[in-house]
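An overview of the molecular structure
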Amino acid sequence: MRNILATLLLALPLKIWNAYYRAQLWRYGIPAMAGGAGDAGATTRTPLFSRAQPGGLFSIEDVPDHPGSIFFVDSGHAAAADAAGGGRSPDKPLATLDYAVGLCAANNGDVIYVMPGHAETINAAAAINFDKAGITVIGLGNGADRPTITIGSSVDTSTVAIGAADVKLKNFLLQPGKDGVDILLDINADGALVEDVELRSDEANAYQADTYIDINGGGANAADRVILRRVKIRSI
């Protein structure tokens, strides 16, 4: 049904698409750009803009929230796959977080949305490494529905790492996969913002981490200006 609908939409005359485009601009209070599909000569500007997002029709975006590319990660989705061209729609998400980071561009303002119920288990140091400067990674969902990363089910030295400057990490649940995991979250770069993240023991199995957050960057002045905001650590 979705393919049939898409075919019908693509068959619409250009003038109808143009009228729809102008109606959406008017709806969101976005001035038409000179020489574009709207009224010529308009000069008023707002922080909103229209974007042709791969995998779907154009959307209305806010520059402060989404200055760069947008990616979606959802391990529970039937169509989830780590593949080139994927992750640009919540209906065709990527399967793993580190793959999504690899698709981002440094210092471009890219945003990764991780869907409710997403879950990963990692077993290597920096198996998830936020190593693209300036990216924002936002977990969606509340309570037990928050994206959950289980760290070190078989390898004590497994970590989630922040390896590039000015990364924002928000609304995740991090927990050890066995007792005695060395570090859950290893911050090794300047300017990290960690917000609404919970690091906790696995009480059901009596698993604890030796260190829940490590902020040193491996040397002097290697992890300056780090901000922890509403971060919760729960140990048995």
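To be clear, the structure that these remarks concern was listed above.
All of these numbers come straight from a predicted model, not from anything done at the bench.

Thresholds applied
- Residues numbered from 1 in each chain as written.
- Predicted model: local features only at pLDDT ≥ 70, side-chain atom pairs only at ≥ 80, totals over all residues.
- Heavy atoms only, no water.
- Helix = DSSP H or I, 4+ residues; strand = E, 2+ residues; numbered from the N terminus.
- Buried < 20%, exposed > 50% of the residue type's maximum accessible area, 1.4 Å probe, protein only.
- Contact = heavy atoms within 4.5 Å.
- Areas by Shrake-Rupley, 256 points an atom, 1.4 Å probe, with all protein chains shown as cover.
- Pairing = 2+ DSSP bridges.
- Axes fitted to C-alpha atoms, helices over the stretch in contact; angles between N-to-C directions.
- Phe/Tyr/Trp six-rings, centres within 6.5 Å; stacked < 30°, edge-to-face > 60°.
- 1 Å grid on protein atoms, 1.4 Å probe; cavity = no way out; pocket = protein on both sides within 12 Å on 5 of 7 lines; lining within 4 Å.
- Points joined across faces, edges and corners; volume = space filled by probe spheres on them.
- Nonpolar A, V, L, I, M, F, W, Y, C, P; charged D, E, K, R; others polar.

Brief notes about the overall build of the chain
Looking only at helices and strands, the chain has three helices and 17 strands in total. A total of 236 residues make up the chain; the buried ones form 38% of that total. Sequence separation of 24 or more characterises 68% of the internal contacts of the chain that already satisfy a separation of 6 or more. A total accessible area of about 12100 Å² is found for the chain, and carbon and sulfur atoms account for 54% of it.

A word on the sheet that holds strand E15 (residues 209-215)
With parallel pairing, four strands are arranged side by side in an open sheet as E6-E9-E12-E15. Lying at the two open borders of the sheet, with one neighbouring strand each, are strand E6 (128-130) and E15. Taken pair by pair, the neighbouring strands of this sheet meet at an average axis angle of 20°, ignoring direction. The pairing of strand E12 (residues 181-187) with E15 spans five bridges and is parallel. Following the sheet pairing, Leu185 is matched in E15 by Ile213.

Topic: the packing of aromatic side chains
When we look at a pair of aromatic rings, we describe it by the centre distance and by the angle of the planes. Applying the stated criterion across every chain yields a total of one aromatic pair. Measuring from ring centre to ring centre gives 5.9 Å for Phe72 and Tyr113, while their planes differ by 25°; the resulting arrangement is stacked. Of this pair, Phe72 sits in strand E3 (residues 70-73) while Tyr113 sits in strand E4 (residues 111-114), and the two are 41 residues apart along the sequence. Assigned by exposure class, Phe72 and Tyr113 land together as buried.

Here's the deal with empty space enclosed by the protein
Under the definition given, this model contains one cavity of 30 Å³ or more. As for the largest cavity, its lining consists of Leu97, Phe130, Ile149, Val160, Leu169, Phe172 and Leu174. Considered class by class, the residues forming the lining of the largest cavity number seven nonpolar, no polar and no charged.

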